[in-house]
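One letter stands for each residue in the lines below.
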Amino acid sequence: QAILADTQQRPWWAPPVRGGAMGTHGESDPEVKAVLNVLQTDPDEALQKALEVIRAAQGRGDKALEVRARVALCAVKLQQGDARGALEEARVALAAAPESSPELRCRALRSVVAASLQDGALDVAMREVTAALQQFQGRNDLCGEANALELQAEVSAAREDYDVALETAARARSIFEKLGAQDRDQWAGYSLLKLAEFYISAWKPLDALKVSEEALAIFRAKGDKLGEGAALQTVANSHLAEQNGDAALAEVEEALSIFKSLDDRVAQTAALRTKINALLVTKKHTEARGASGEVAAIFKTAGDAKGEASALLLVAEVCLQTLHSREALTAAREALELFKGAGSRAGQAAALTAITAAAYDDESGQAVEAAQEKVALFKDSGEWYQEADSLLALANVLVSRIGKKIARCKLASSDDTLAALRAAKDAHLKFSSSGNPAGMESAMQVVSQILLYNNVSADVIDAVRDPEEVLQDVMSGKYSDPRNALPKPDVVRSTKLDEIIPSSKQLDRNKFAWNQPLNGYSYTMIWQPTKDRQVRNRKPRGSYDILTLASGAKTTSTPALLQARSHDASERNDPLVVYMLSSDCKENYASTIMSVVQTMGAMITARVPRLVFVQFDEPHYDWTDTSARHCNMYPVI
């Protein structure tokens, strides 16, 4: 719904307020227009075409074509999510735009603003727009000044300075009203349409309607049919902002007839999107689905497989909005096959997203399969940011499945729980490596939801900071409970001493089956029972004192010794070894394991049967430090 709403509130020729594809409005060069038309269906192919046009323009020394092509390349990179790269291209285009061509400078400036807003560089956008505004004012270029003011209003709105944004937009509008008849050309008309778009985004539909009607009058006076159709579509969008679907339908039908006469498939598609939105507002759901089918028919007739696949995604979106999930799933699967045949990775990702949305409430598992396929798609291409988003989407789909089972009074599925935790953990790791705190927070919210569904205490959930640690705790059985299906802790079997540590005779006779209790360590101790040794006095002492062998810091061992000696249990005449692991034992892991084994050997010799480990190696640490995994020592023998 968000995708559909965005495309229907924005005409095909204009970028969204926060950045996006730049559109084809007023574009006269056929090479650049071809790039922007391909962008509608295949951003990867559009990228290659844009680079080819830039190289050709540089070879011919055509600065104007190079600027137009770089603006188109900025649009392509914005479509691919590369806001930083788009901003670099836009700034190069602005620097190359000649001051004698205010239209080219405004095009480049608009691409700088779109890329800056998508990248979050609001200060950069405002600085560039302010500098351009001063240049236009110095040259007494009213249309350029009005364009710069409109862009300044967009940046102010992005900063949430809405009063300043509306005031700046009013200044731009007053300048447009001062334009003489000789200055009210097509460029002024398209600039007015941009101002109308801003008013729509600012929820000022009446102002948008008046401005778009002024642009419509300019295009009709100049005989610009393409501009007239764009203005009619903007008028329709203004009516839609007022929820006046009938008036919007009348305007968009007229725009659609103009685009059909011009045989402009991209413009027809955009007009049909607006028509679909108007039909949805007027509750004509059947007609809306029929209009979405018209879009697919346009591209199918023209033999454009990628265009047909994109149109099928529109069909899926409309079917979802009208609660026809099965039809939406069918259309999305057809689109996926077309995109696979065309080799479009971006198209496959969009189709898989549509399949996931269409099958979200279906228990057939198609949503999970589509989400997993999308993760694999981005993993193979090395696009780690998109992979992180896909992993997060997969985790959310699995959480939804868990919720459905709980709603039917069943336990949360162990398989779904573990799969969701792994997906959330991987997404959190990728977001963390890219410095994306919003993504990390979203992944943590998924982990918290999973634990909540499995009846884990709220206090424990609040203390969770690392999804990887949560997954390890789940696998170790820490959160196992009769009210969930999480893995249970391993049962420790009581074994005899001879089964753990073999004697020399057992090793010699080859009768001992080693059970690998120290698997992963390379230290082995061979001992002899006391009966096989020449020991004179085998009787234990009549009483015991507490003897301390301190190999770590005395600041921890001395207080513990004094407390033990003052305790009543020290007078019970029972031998006991207390092995205290110091707070720095993780720095000497191998030595500690050897010391433990040797201590047990001495206890066997002295026939001391009781041993207890005291753990001091549990310091608090910064959970955001991912430079190394923290290692805690626990008794493993």
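Definitions and cut-offs
- Per chain, residues are indexed from 1 in the order of the written sequence.
- Residues qualify for local features only when their pLDDT is at least 70, as the model is predicted, and side-chain atom pairs are given and counted only at 80 or more; totals for whole chains, interfaces and linings, by contrast, use all residues.
- Processing note: side-chain calculations cover all non-hydrogen atoms of the structure and skip hydrogens and water entirely.
- Helix and strand labels come from DSSP, where a helix needs a run of H or I of at least four residues and a strand needs a run of E of at least two; each type is numbered from the N terminus.
- Whether two residues are in contact is decided by their heavy atoms, any of which lying within 4.5 Å being enough.
- Centres within 6.5 Å make a pair out of two Phe, Tyr or Trp rings, where for Trp the six-membered ring is used; the pair is then stacked when the planes are under 30 degrees apart, edge-to-face when over 60, and tilted otherwise.
- Under the scheme applied here, a residue whose accessible area is under 20% of the maximum for its type counts as buried, over 50% as exposed, and between as partly exposed, the area being computed with a 1.4 Å probe on protein chains only.
- Take the buried Ala, Val, Leu, Ile, Met, Phe, Trp, Tyr and Cys residues and link them wherever side-chain atoms come within 4.5 Å; each set so joined is a nonpolar core.
- Any carboxyl oxygen of Asp or Glu that lies within 4 Å of a side-chain nitrogen of Lys or Arg is treated as forming a salt bridge with it.
- The quantity known as pLDDT measures the predictor's confidence residue by residue, on a range of 0 to 100.

Trainee: Tell me about the side chain of S238, and name the residues and values.
Mentor: One can find S238 in helix α12 (residues 225-241). Setting aside residues no more than four positions away along its own chain, S238 makes contact with I200, P205, A208, L209 and S212.

Trainee: Please give an account of the environment of L377 that cites residues and values.
Mentor: By the secondary structure assignment, L377 is in helix α19 (residues 366-381). In this structure the C-alpha to C-alpha distance between L377 and E387, which are ten residues apart in sequence, comes to 8.1 Å. If sequence neighbours within four positions are ignored, L377 has contacts with R345, Q348, A349 and L352.

Trainee: So, the packing of aromatic side chains: which residues are in play, and what are the values?
Mentor: Taken as a whole and judged by the stated rule, the model has one aromatic pair. Centroid distance F198 to Y199: 6.0 Å. Interplanar angle 55 degrees. Geometry classified as tilted. Across the pair, Y199 and F198 agree in class, each one buried.

Trainee: Give me the lowdown on the nonpolar core, citing residues and values where you can.
Mentor: Considering soluble globular proteins, one finds that nonpolar side chains tend to be buried as a cluster. Grouped together as the largest cluster of nonpolar side chains are 143 residues, with contacts concentrated most on V67, L451 and V470. When neighbours within four sequence positions are excluded, V67 is seen to be in contact with A93, A96, A97, L104 and A108. Core analysis: the next-biggest nonpolar cluster, separate from the first, contains 16 residues, V32, A46, V53 and A72 among them.

Trainee: With reference to specific residues and values, describe the environment of L122.
Mentor: Looking at the secondary structure, you find L122 in helix α7 (residues 122-138). Judged by relative accessible area, which is 22%, L122 ranks as partly exposed. Each C-alpha atom of the pair L122 and V155 lies 6.7 Å from the other, and the pair is 33 residues apart in sequence. In this structure L122 touches S116, L117, V155, A158 and R159, once residues within four positions along its chain are discounted.

Trainee: Residue-level account of the pattern of salt bridges, with values.
Mentor: Applying the stated criterion across every chain yields a total of 19 salt bridges. Among the salt bridges present, the one from E154 reaches K194, with a minimum N-O distance of 3.7 Å. Of the two residues, E154 is situated in helix α8 (residues 142-158) and K194 in helix α10 (residues 186-201); the sequence distance between them amounts to 40 residues. No difference in accessibility class separates E154 from K194, as the two residues are buried. Taken together, the shared-partner salt bridges connect K63, E66, R70, K77 and E89 into one network.

Trainee: Residue-level account of the confidence of the model for the protein, with values.
Mentor: The predicted coordinates of low-pLDDT regions are not to be read in fine detail. Per-residue pLDDT for the protein averages 76, and the proportion of residues at 70 or more is 77%. Low pLDDT (under 50) marks residues 1-25, which in the prediction has 80 contacts with non-local residues, meaning those over four places away or in another chain. The model gives residues 633-637 a pLDDT under 50, and that stretch makes 18 contacts with residues more than four places away or in other chains.

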